[in-house]
Amino acid sequence: QVQLVESGGGLVQAGGSLRLSCAASGFVINAMGWYRQAPGKERERVGSITRYGSTSYADSVKGRFTLSRDNARNTVYLQMNSLKPEDTAVYYCHTVPIDTGIPWGQGTQVTVSS
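Summary of the structure given here. (Residues numbered from 1 in each chain as written. Predicted model: local features only at pLDDT ≥ 70, side-chain atom pairs only at ≥ 80, totals over all residues. Heavy atoms only, no water.)

A short note on the pattern of salt bridges
And step 1. One pass over the structure, following the stated rule, counts 5 salt bridges.
And step 2. Between Asp 87 and Arg 64 there is a salt bridge; the shortest N-O distance is 2.7 Å. Note that Asp 87 is positioned in the loop between strand 8 (75-80) and strand 9 (89-95) and Arg 64 in the loop between strand 6 (55-57) and strand 7 (65-70), a separation of 23 residues in sequence. Taken as a pair, Asp 87 and Arg 64 share a single burial class, namely buried.
And step 3. Overlapping salt bridges, with partners in common, bring together Arg 36, Glu 44, Arg 64 and Asp 87 in one network. (Salt bridge = Lys/Arg side-chain N within 4 Å of Asp/Glu carboxyl O. Helix = DSSP H or I, 4+ residues; strand = E, 2+ residues; numbered from the N terminus. Buried < 20%, exposed > 50% of the residue type's maximum accessible area, 1.4 Å probe, protein only.)

Structure follows, in structure tokens:
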């Protein structure tokens, strides 16, 4: 079964950290991205990572977020430091570019309190 399962979200105070995980099954991950969607806003990509570990980030998270991956576990991670209230959103992982044949996971809620 092809699926993506995100985990690791929670409630944290501003300045805190969280580490999100995304486990893929049913396919071998290649380039992957982390995306987020805040209430009333469109989904945006916060960063991406190639199969070989090259990363890129949105300006809003650069220097605070770090993507990594474990190809043996078919898993990608998002380390989020110095969190801000504006980082509050549901976070998802998916392929880069988006493969419409792979369903989105349920996401993981990140809430940053001020």
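What follows continues from the structure just given.
Quick look at the environment of Tyr 91
And step 1. Within the secondary structure, Tyr 91 sits in strand 9.
And step 2. For Tyr 91, a relative accessible area of 0% translates into the label buried.
And step 3. For the pair Tyr 91 and Ala 72, spaced 19 residues apart in sequence, the C-alpha to C-alpha distance is 23 Å.
And step 4. With residues up to four places along the chain from it excluded, the contact list for Tyr 91 reads Glu 6, Leu 20, Trp 34, Tyr 35, Arg 36, Phe 65, Leu 78, Met 80, Gly 107, Thr 108 and Val 110. (Contact = heavy atoms within 4.5 Å.)

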